[in-house]
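# A structural walkthrough
Read off the chains here:
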Protein chains: 2
Amino acid sequence: MRFAEKTVGQLLEALSSAEPTPGGGTASAIAGAMGASLLVMVAGLAKSRNNTDEEKAALGDARDVLVPLTADLTRLADADSAAFTAVMAAYRLPKVSDEDKAARSRAIQDALRGATTVPLDTLRACADALAQAQAVAQHGNRSAASDAGVAIGLLQAAAAGADANVRINLESIKDEGFKSTTEAEAARLSSAAVADATTAMQALA
Amino acid sequence: MRFAEKTVGQLLEALSSAEPTPGGGTASAIAGAMGASLLVMVAGLAKSRNNTDEEKAALGDARDVLVPLTADLTRLADADSAAFTAVMAAYRLPKVSDEDKAARSRAIQDALRGATTVPLDTLRACADALAQAQAVAQHGNRSAASDAGVAIGLLQAAAAGADANVRINLESIKDEGFKSTTEAEAARLSSAAVADATTAMQALA
């Protein structure tokens, strides 16, 4: 069952259980989706900060980017658990013959690549949402300032959590080219996320 | 319907909608519940860091505190939306006669007090969970280190979000005694949350 269809109670129970999935990657994606959803709400309020047409156009543009990001992050919550399940399945492959061992090793590397690109996509979606946060913080209705603040905090925590998941899976990857490209991309996205979150928080103060 | 019974998809839709609730207070409580749940998972894994009895006892103690905190935070997600609804209902009371005005003003102040104590309870629950995070980070299975890291980040974001909600509602409260007591308590809990999160993150590194 997709996480979007599970109840919040079921999600929390699943996160609490000793089962290998869902874990921090899925939790990060859902926290990011909550943050993006709150920004969608603030951007869609009838009243903007000073109620000008320019403000409303800027908020509308931000909202158009944020709505699909919410859907992406919800999908990534599922993809993260699926990718981790694939890694565990690969580790359980037979390793009797040399052929077995080679096939298992390839399967593990393929699965780890998947378990790295999913949190990288989560990190990217959070960074993309935070890139819209400044417009929302600056032009959004003052009465929703604490909602925007919570949104930014959740997206930042989600981005950091996704980044940690990228790095932990990269550790076991042997393809040095993939490793360095992914590491650089994660570092770039993480810096952008922190910078955009900081600017957006300042616009709220 | 309680948030625990809503699907994640319904929660995200509700957060995205322009309806006044749920907002950042509810999102913070749910993010805190996700963080506490992940710590429950790490504390409950069959293998601890070095598999000693002392470690397992420490993790068991942490888990015993964390499980009810997860339930508290889930309940606070509902209480936050209810408290905000009560504030809006009070503002809509009639204000024609002087008696009306006095009754409305009292009702608003009462409701605002409720809308302040709920996020204060959320902040306290997150701080209490973070007080257990060091034991989990230090003794928990290394393979779940990124889950513990995500948990700490989510609890920290949830604590900061709850703190922001306490402060925004305090602004409109006239009872100076309540105001200064609550402000001091929120400041104390926020500092403890940040300090415990920092120590726990260091124990993971």
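Treat the numbers as computed from the prediction; the structure is a model and nothing was measured.

## Regarding the interface of chain B and chain A
Many descriptions give the size of an interface as the accessible area lost when the pieces come together. Taken together, the contact between chain B and chain A spans 38 residues of the former and 38 residues of the latter. Summed over both partners, the interface of chain B with chain A comes to about 3000 Å²; 74% of that surface belongs to carbon and sulfur atoms. Per-residue buried area on chain B facing chain A is highest for Val8, Leu12 and Met34 of chain B; these three make up 20% of the total on that side. At the surface where chain B touches chain A, the tally comes to zero salt bridges. Elements represented by at least two residues in the side of chain B that touches chain A include exactly α1 (8-16), α2 (24-43) and α5 (145-170) of chain B. In terms of residue count, the dominant contributor to the side of chain B that touches chain A is α2 of chain B (eleven residues).

## Comments concerning the environment of Arg142 of chain B
Residue and element names in this part refer to chain B. Considering the arrangement of structural elements, one finds Arg142 in the loop between α4 (98-139) and α5. Residues Arg142 and Lys47 lie 95 residues apart in sequence; the distance between their C-alpha atoms is 9.3 Å. For Arg142, the residues in contact, after removing those within four places along its chain, are Arg49, Leu204 and Ala205.

## What to know about the state of the cysteines
A complete count under the given rule lists zero disulfides over all chains for this structure. The structure places no disulfide on Cys126 of chain A, whose sulfur is separated from the nearest cysteine sulfur, that of Cys126 of chain B, by 19 Å. By relative accessible area, which is 0% here, Cys126 of chain B ends up buried.

## Quick notes on the pattern of salt bridges
Counting across every chain of the model gives twelve salt bridges over all chains. Asp121 of chain A is the salt-bridge partner of Arg124 of chain A, the closest N and O atoms lying 2.9 Å from each other. One end of the pair is Arg124 of chain A and the other is Asp121 of chain A, both in helix α4 (residues 98-139) and three residues apart, which spans about a single turn. Overall, the relative accessible area of 27% leaves Arg124 of chain A in the partly exposed class. A relative accessible area of 32% means that Asp121 of chain A is categorised as partly exposed. Note that Asp163 of chain B and Arg167 of chain B form a salt bridge whose closest N and O atoms lie 3.0 Å from each other. You can see Asp163 of chain B and its partner Arg167 of chain B sitting in helix α5, four residues apart, about one turn around the helix.

## Section: the relation of the copies chain B and chain A
For the pair of chain copies, the relating operation is a rotation around an axis with a shift along it. Between chain B and chain A, which share one sequence, the superposing operator has a rotation angle of 180 degrees and an axial displacement of 0.0 Å; the RMSD is 0.0 Å. When the rotation and shift are considered jointly, the pair of chain copies conforms to a two-fold rotation axis. Relative to the rotation axis, the closest C-alpha in chain B is found at Thr7 of chain B, a distance of 1.9 Å.

## So, the nonpolar core
Grouped together as the largest cluster of nonpolar side chains are 132 residues, with contacts concentrated most on Met34, Leu66 and Val136 of chain A together with Met34, Leu66 and Val136 of chain B. The residues touching Val136 of chain A, leaving out its near neighbours within four places in the chain, are Leu39, Val42, Ala43, Leu59, Ala62 and Leu66 of chain A.

Definitions and cut-offs
Residues numbered from 1 in each chain as written. Chains lettered and ligands numbered in written order. Predicted model: local features only at pLDDT ≥ 70, side-chain atom pairs only at ≥ 80, totals over all residues. Heavy atoms only, no water. Contact = heavy atoms within 4.5 Å. Buried area = accessible area lost by both parts, 1.4 Å probe. Salt bridge = Lys/Arg side-chain N within 4 Å of Asp/Glu carboxyl O. Helix = DSSP H or I, 4+ residues; strand = E, 2+ residues; numbered from the N terminus. Disulfide = S-S within 2.5 Å. Buried < 20%, exposed > 50% of the residue type's maximum accessible area, 1.4 Å probe, protein only. Least-squares fit on C-alpha atoms with pLDDT ≥ 70 in both. Core = buried A, V, L, I, M, F, W, Y, C linked by side-chain atoms within 4.5 Å.

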